[in-house]
Amino acid sequence: MDLADKKILLVGLAKTGVSVIKCLNKLGSHVVVNDIKTEKDLKDILKELETLNNVEYILGSHPQDVENIDMVVVSPGVPLDLPFIEKLYELNKEIIGEVELAYRLSKNPTFIGITGTNGKTTTTTLVGEIFKKANKDTYVTGNIGAPVIDTVENTNENSFVVTELSSFQLESTVKFRPRVSAVLNITEDHLNRHKTMENYIAAKSKIFMNQTKEDYCVLNYDDDYSRSLEKICNAKVIFFSHKEKVSDGVYLDEDNNIIIDIDEKIVLLNKDEISLPGNHNLENCMAAIAMSYVCGIDLDVISETLKTFGGVEHRQEFVKTLHGVTYINDSKGTNPDSSIKALESYKNPIVLIAGGMDKGSSFDDMLEVAKANVKAIILMGETAFKIEKSAKNKGINDTYIVKDMEEAVRISHQISKEGDIVLLSPACASWGMYENFEVRGQDFKDNVHKLK
């Protein structure tokens, strides 16, 4: 892919955008950078780019003259229905994302693509750990935090690029073809961006659209949406299930043994030997087993990693026990279904801290589950009153509206008793209050550690 002297419009100057600019600059492209934020807002990022030549900036507004652009690279946070983007489509300009660009520039590594509404980060991290323990040249990238474009110079045909992919990243792919793909589950999320579930599912499905019968696609048999994707998938489908015995897949038998039944029937290990708690993590582990197995990873390596894997930060992360109260950070719970999985993992009384940016989701199902053992809910962000109304309709009347995390943690400390769990699982995006869910989770942990 020769991009020398090409005029490339980059839309969205975030972490991924910086990596794209640096890559394109090395390739000799003329980069036009656009962001609706002002130069003042972006001063720290711009300082990182100030030594680069052949880069121009259009900041604080969208570009007007786009006729002479050769190609467009959009950051994941940029909606593709913006008027100037639609104009670019009308002009037949190629519009791709960073994942697609990295795929085209790469030197033929084995791509493993993982998507789904929930469990992506845990599964991606776990697969990465399995491959690293198998001494494979492994890069864990994508929505998990490291741009895929950063791997281009270092990978080759012997490398594995384990990539977490959001619907935002997938909708701007064109030729991207992973050797192994996975759709872990699909539940209502990001409807403020995708408008309908059909659009959301279509974006997720792009992960396998270029695969052939030479490739593998791992699907969740227990999830109706994920299971139904078999009908439109050309790759060899590998199912996983903790409820049914599936052929050509990974399942749980009557003795709680995890069985691999793909080429032959193999008893890998018992469910109770897995280090991660909860059925949702069992599903994540089964998906990781399937992906690792079809890539030829040694069974002992897979088994040992599942027994020792410690999970990921901000996903049901133990923070502290104080006066018999356990504080858990699940800041990565950015939608109601994710928070349901966290709530179902505990039997103790829970003080739930929730709320954030409204993505158009309903909270009724989450609060139906919460009735079982949530004793109080502390709410913040733009969804606070929406969640409170739903909670009261479900009979949960002990609610508190707070202005920030410091107040949320202080009140949770005051109302919790020995044996309780204080669980941060917001069921909402962090934007508007925080830069990302990591910053939100760290704020929670910092305030917990300040408690006397």
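Because the structure is predicted, anything quoted here is derived from the model rather than measured.

(A) Local environment of the nonpolar core. Membership of the largest hydrophobic core comes to 47 residues, with the highest contact counts inside it found for Leu13, Ile21, Val73 and Leu101. Sequence-distant contacts of valine 73, that is, excluding residues within four places in its chain, are made with Ile8, Leu9, Leu10, Val11, Val20, Ile96, Gly97, Glu98 and Leu101. Formed by 42 residues, the second largest nonpolar core is a distinct cluster that contains Ile260, Ile266, Leu269 and Val294.

(B) How the structure looks around the sheet that holds strand E5 (residues 94-97). Strand order in the open sheet made by the 5 strands is E3-E2-E1-E4-E5, with parallel pairing throughout. Each edge of the sheet is formed by a strand with only one pairing partner; in this case those strands are strand E3 (55-59) and E5. In this sheet, adjacent strand axes meet at a mean angle of 20° when their direction is disregarded. Note that strand E2 (residues 30-35) and E3 share 5 bridges and pair parallel. For valine 32, the partnering residue across the bridge sits in E3 and is glutamate 56. Helix H1 (residues 15-26) contacts strand E1 (7-11), E2, E3 and strand E4 (71-74) of the sheet and is inclined by roughly 170° relative to E1. Here helix H3 (residues 83-90) sits on the sheet and contacts E1, E2, E4 and E5; the angle it forms with E1, its principal contact strand, is near 150°.

(C) Seen up close, the packing of helix H15 (residues 405-415) against helix H16 (residues 437-449). Viewed as axis vectors pointing N to C, H15 and H16 meet at an angle of 45°, and their least axial separation amounts to 9 Å. With respect to H16, the element H15 is oriented oblique. Crossing handedness for the pair H15 and H16: right-handed. Judged by residue contacts, Met405, Glu406 and Val409 of H15 engage Arg440, Asp443, Phe444, Asn447 and Val448 from H16. Of the residues contributing to the contact of H15 with H16, the split by class is 4 nonpolar, 1 polar and 3 charged.

(D) Representation of the layout of surface pockets. A volume near 490 Å³ is recorded for the second largest pocket. Lys243, Glu283, Asp337, Lys341 and Glu344 are the residues nearest the centre of the second largest pocket, which is lined by 20 residues in total. The set of elements that each furnish at least two residues to the lining of the second largest pocket consists of helix H9 (224-228), helix H10 (279-294) and helix H12 (336-343). Residues that form the lining of the second largest pocket fall into these classes: 4 nonpolar, 8 polar and 8 charged.

(E) Geometry of the environment of lysine 15. Among the structural elements, lysine 15 can be located in helix H1. Judged by its relative accessible area of 57%, lysine 15 is exposed. In sequence terms lysine 15 and proline 147 are 132 residues apart; their C-alpha atoms lie 7.8 Å from each other. In this structure lysine 15 touches Gly145 and Pro147, once residues within four positions along its chain are discounted.

(F) Region of the structure containing the packing of aromatic side chains. Following the criterion strictly, the structure yields 5 aromatic pairs and no others. Pairing tyrosine 103 with phenylalanine 176 gives two aromatic rings, centres 5.4 Å apart and planes at 80°, and the pair type is edge-to-face. You can see tyrosine 103 sitting in helix H4 (residues 98-105) and its partner phenylalanine 176 sitting in the loop between helix H6 (167-170) and strand E9 (180-183), a full 73 residues away along the chain. Look at phenylalanine 176 and you get buried, because its relative accessible area is 1%. One residue, arginine 227, lies across the ring of tyrosine 221, its end atom 5.0 Å from the ring centre.

(G) Representation of the environment of asparagine 68 within the structure. Note that asparagine 68 resides in the loop between E3 and E4. When the C-alpha atoms of asparagine 68 and lysine 6 are compared, they prove to be 10.0 Å apart, with 62 residues separating the residues in sequence.

(H) View of the side chain of asparagine 270. Along the polypeptide, asparagine 270 turns up in strand E14 (residues 265-270). Among the polar contacts made by the side chain of asparagine 270, one reaches the main-chain carbonyl oxygen of asparagine 256 at a distance of 3.3 Å. In this structure the side chain of asparagine 270 is engaged in a polar contact, spanning 3.2 Å, whose partner is the side chain of asparagine 257. When near neighbours in sequence (up to four residues on either side) are disregarded, asparagine 270 contacts Asp255, Asn256 and Asn257.

What counts as what
Residues numbered from 1 in each chain as written. Predicted model: local features only at pLDDT ≥ 70, side-chain atom pairs only at ≥ 80, totals over all residues. Heavy atoms only, no water. Core = buried A, V, L, I, M, F, W, Y, C linked by side-chain atoms within 4.5 Å. Buried < 20%, exposed > 50% of the residue type's maximum accessible area, 1.4 Å probe, protein only. Contact = heavy atoms within 4.5 Å. Pairing = 2+ DSSP bridges. Helix = DSSP H or I, 4+ residues; strand = E, 2+ residues; numbered from the N terminus. Axes fitted to C-alpha atoms, helices over the stretch in contact; angles between N-to-C directions. Parallel < 35°, antiparallel > 145°, perpendicular 65-115°, else oblique. Left-handed = near helix turned anticlockwise from the far one by under 90°. Nonpolar A, V, L, I, M, F, W, Y, C, P; charged D, E, K, R; others polar. 1 Å grid on protein atoms, 1.4 Å probe; cavity = no way out; pocket = protein on both sides within 12 Å on 5 of 7 lines; lining within 4 Å. Points joined across faces, edges and corners; volume = space filled by probe spheres on them. Phe/Tyr/Trp six-rings, centres within 6.5 Å; stacked < 30°, edge-to-face > 60°. Lys NZ or Arg CZ within 6 Å of the ring centre and 35° of its normal. Polar contact = N/O pair within 3.5 Å; in protein donor to acceptor, adjacent residues only side chain to side chain.

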